[in-house]
Amino acid sequence: MKAALIVLLTLLPALVHAAEVRVVTTTTDLAWAAREVGGDRVSVRSLCSPTEDPHYVTPTPSLVAAVGDADLFVEIGLGLEIWTGRLLDGAGNPDVRPGGPGYVRASDGIATKERPSTLSRAGGDLHPEGNPHVWLDPVLMKIVATNVAEGLARVDPPHADAYRQRAKALGDRIDAALYGEELVALLGSALLDRLARGGTLDAYLDKELGGAPLRARLGGWLARLAPLRGRSVVYHHQSWVYFADRFGLSIAAYVESKPGVQPSAGHVARVVEIAGTAKVPVVVVSNYYDARLARSIAEDVGSRLAVVPLMTGGSEGAGDWFALMDSLVRAHTGDAP
Amino acid sequence: MSIRSRAALVAAVVAFAGTTARASETEEKPSEEEPSEEEPSEEEPTEEEEPSEAPPRTEQDEAVRALQQELELLRLRLEALEATPVTPPPPPAAAPNVFNPRITGFIDLVGAVDVSGRNVTPSFDVRAFELDLRADIDPFAKAVVVLGFENPLLHALEHADEHEDGVDPDDADGDAQAEVAEEIAEAWLSVVEEANISFVALPAHLLLELGLVRVDFGGQNRSHLHDVPHIDYPGAMTALFGEEGWADAGVFLRYRLHNPKSLPIDFKVGVMSRGPEPLMEGRETPTPVLLGRFRGSADFGAGSLVSAGVSYSGWRDATDEPRGFDLAGGDFLLKLRPAIRGRDHSFYLQGEAYFARRVADRDSLGGFVGLGVQPARNVFLSLRADALIDDLADPEPTWGAGFAASLHTTEFLRVRLAYDLVADHGISHRFGAQVTAVFGSHPVEPYWVNR
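Per-chain numbering applies: the sequence of each chain, read as written, is numbered from 1 onward. Each chain gets a letter, beginning with A, and each ligand a number, beginning with 1, in the order they are written. Totals for whole chains, interfaces and linings use all residues, but because this is a predicted model, local features are given only for residues with pLDDT of at least 70 and pairs of side-chain atoms are given and counted only at 80 or more.

Comments concerning the overall build of chain A
Helix and strand definitions follow DSSP, with helices as H or I runs of at least four residues and strands as E runs of at least two, each counted in order from the N terminus. Within chain A one finds 14 helices and 10 strands. A compact globule built from 337 residues would reach a C-alpha radius of gyration of about 20 Å, and chain A, at 22 Å, matches this within 12%. Referenced to the eigenvectors of the C-alpha coordinate spread, the extents of chain A come out at roughly 80 × 55 × 40 Å. Counting over 337 residues, chain A shows a buried share of 53%. Based on C-alpha atoms, the radius of gyration is set beside the globule rule, defined as 2.2 Å times the residue count to the power 0.38. Here a residue counts as buried when 20 or more other C-beta atoms sit within 10 Å of its C-beta, as exposed when there are 12 or fewer, and as partly exposed otherwise, the C-beta atoms being derived from the backbone.

Notes on the confidence of the model for chain B
All names here are of chain B. Confidence of the prediction at every residue is given by pLDDT, a number between 0 and 100. Looking at chain B, the pLDDT average stands at 78 and 71% of residues meet or exceed 70. This entry defines residue contacts through backbone-placed C-beta atoms, with two residues in contact when those atoms are within 7 Å. The model gives residues 21-50 a pLDDT under 50, and that stretch makes eight contacts with residues more than four places away or in other chains. Residue range residues 162-172 is modelled with pLDDT below 50. Its contacts to residues more than four positions away, or to other chains, number eight contacts. As scored by the predictor, the complex reaches a pTM of 0.79 and an ipTM of 0.75.

Some details on the interface of chain B and chain A
Across the contact, 52 residues belong to chain B and 56 residues belong to chain A. Elements with a minimum of two residues in the side of chain B that touches chain A: helix H2 (50-83), strand E5 (206-214), strand E8 (289-299) and strand E9 (305-316) of chain B. Of all the elements, H2 of chain B adds the most residues to the side of chain B that touches chain A, at seven residues. Across the side of chain B that touches chain A, the residue classes break down as 27 nonpolar, 15 polar and 10 charged. In the scheme used here, Gly and all other residues not listed as nonpolar or charged are polar, with Ala, Val, Leu, Ile, Met, Phe, Trp, Tyr, Cys and Pro taken as nonpolar and Asp, Glu, Lys and Arg as charged.

Topic: the nonpolar core
Counting residues in each nonpolar core, the largest one holds 109 residues, and the members touching the most others are Val67, Val148 and Val234 of chain A. The leading source of residues in this core is helix H5 (residues 138-155) of chain A, at 10 residues. If near-sequence neighbours (up to four positions away) are discounted, valine 148 of chain A is found in contact with Ala33, Ala34, Val37, Val74, Val104 and Ala106 of chain A. The term nonpolar core means buried Ala, Val, Leu, Ile, Met, Phe, Trp, Tyr and Cys residues held together as one set by C-beta atoms within 7 Å. Val215, Met272, Tyr354 and Ala356 of chain B belong to the second-largest nonpolar core, a separate cluster that totals 26 residues.

Quick look at the packing of helix H12 (residues 265-278) of chain A against helix H13 (residues 292-301) of chain A
Geometrically, a packed helix pair is captured by the angle between its two axes and the distance between the axes. Residue and element names in this part refer to chain A. Where helices are involved, their axes are fitted lines through C-alpha atoms of the stretch in contact, as for all axes, and angles between N-to-C directions lie from 0 to 180°. Packing of H12 against H13 leaves a shortest axis separation of 9 Å and a crossing angle of 40°. Classified by the angle between their axes, H12 and H13 sit oblique to one another. The element H12 and its partner H13 pack so that their crossing is right-handed. Contacts from Val268, Val271, Val272, Ala275 and Gly276 in H12 reach Leu293, Ile297, Asp300 and Val301 in H13. Broken down by class, the residue content of the contact of H12 with H13 amounts to seven nonpolar, one polar and one charged. Angle categories: roughly parallel below 35 degrees, roughly antiparallel above 145, roughly perpendicular from 65 to 115, and oblique for all the rest. Should the near helix be turned anticlockwise from the far one by less than a right angle, the crossing is left-handed, and should it be turned clockwise, the crossing is right-handed.

A word on helix H3 (residues 61-68) of chain A
For H3 of chain A, a buried count of seven out of eight residues is recorded, marking the element as mostly surrounded by other parts of the structure. Those residues of H3 of chain A lying buried are Pro61, Leu63, Val64, Ala65, Ala66, Val67 and Gly68 of chain A.

Some remarks on the environment of proline 322 of chain B
Residues and elements named next belong to chain B. Here proline 322 shows up in the loop between E9 and strand E10 (324-336). Among the residues examined, proline 322 registers 10 C-beta atoms within 10 Å and is labelled exposed. For the pair proline 322 and arginine 358, spaced 36 residues apart in the sequence, the C-alpha separation amounts to 9.7 Å. Contact partners of proline 322, with chain neighbours within four places excluded, come to Val359 and Ala360.

This is how it looks when you write it as structure tokens:
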């Protein structure tokens, strides 16, 4: 009898929590996407804090336990979270292992950039499958949201349609924020995405409609960053290729000599020279890095230094992913919040 | 309806509307310019009434203009579609040798000098090379094999130390030197340090391990020698577990207690074949060695945690001879990691205590405390103190204290300088240097490296 009571008490919390889908994500951006798509049907926990380098999260026993209790586990993949294998192995939860219904690789379907042609540690912290910082591109974030919705649909089939609809609605909001509502209404999301992914959007916007170029109807983040289009920027770490490509920025140099490797004095001098020649308007560093080197480069070049959050919740002004993107756009343009 | 068909439809409508408009104008013109020969109707518009007919024509024109604009827009869209072919989703990324085990090599170079002239001969050599192979076996299990290759020279020197501490120091030099020479002549010692299968897809939060593992007794013993914050394991640990720590073959089952807060509370039981060498003292084990462990942990912030555990292992001889041991231990770890890199410094405090009872023999008590701090991104400083009373009936403690400074160029290469004071039948001062390199597949968890 006593044993039965203990078993019942042990299982009770699980029964109580059975009503909602427990989602565990690696990063806060994925957690945000899961909340947006899942609504009040889900409870979400991010394993990585928003000011933590997502490459180097310590797989503590608590994180193992969280994965063990999850219905859905979402990670970016692409070698960003080198620490999740240990969590999944120790979690004792076969449903959320890769191949299980509760596993989502959020980067599925994304054509990655910066796939190294030669894989060697001499190149620093390389990602064999390409750069994993996909959440910094709004177009790719829609794919992430769709992947999350499909994962939720698998583990909670009765609400599959609702998840897909919410992902679609989220995509519409992202489009409006990226292209501006007028252009979306005129051309439609599908076409804009196709142009954007194909890299032909900018040239296409020069076409005229009713005697005026389509560019005049561009709004959103693309319009705000349009003055910087073609300009060069210095970044600390190799996290920014998707953001830069989406908004037409050129990456002049990285503060790190190689990904994850502290720069030598010679490399820093080269960065200063390159940045000075390119007249970079801003040197950008994520707020989980030590900003001292980036600051000194910005001072030497006479550029602005922008210490920015890289993930949702990474600063007071980046409470959700839209706010994060807003803050990144502002950091580049120099506009006040 | 596709954009192409819609454009065609709109174009047709525009064409029709234009034709209609022109036809209407053509039909209307005679009534305006050439009065019909037919008797004008009463409703025939007069010049004064013409403005009243204008709105229908304007609406029609606007409709045509709107349709033309839509046609223009559709043409633009069509051009966009033709200019931008659909990009097929990329194929799943896969390396050519994806089914091969992930291979990691570890090179551990160690040098040491004892300024008091006891025990340690000046040296700098490769202490060990380790090869770590791991891969999923199938959806339900994964395998790990760790092969160690130990330097016979350093091994022999340790062996010589044992002789020097022996009963007859006068004869020790000759015997020890002979054995050292013999062992040096041997090839590198290859040791299977781990070879196990983990069943990772069991229900009910169970995890089953079979094979040779680093025994889950305390925290430090799970780490290989090149992974710990000092050059060697603490003296109390090596005295009870062995120079290389305690690895054993057996069956281990872990259960994580389900709880609403997802707090990690783990129970582990195991049955092993050998037991720690210093406690077994070379005896075979016709009966299995038992293991039990409980561990609880809680996070407070990213990467910061407090963890505590208790462990027990025991063995009794199946024969009537009163032989066996009980080994009990407690361990804790406090780890603080900076929330923002560059603002704070990571810190850890770790300790373990052991009590060993050898049946019909002596009882031992020992333990260690270590703390570390990260003053800069790639620099770690560690302090450690350990003590052991080998026989509680005749308490004469041996103890040691050490300091280590480690510089990481990356998480793959570490240079370490260390000093140890050892009080074991006299005081000795040891200075050591260590270079550890990791190459190949990425290590599962960088140890103490806070990037």
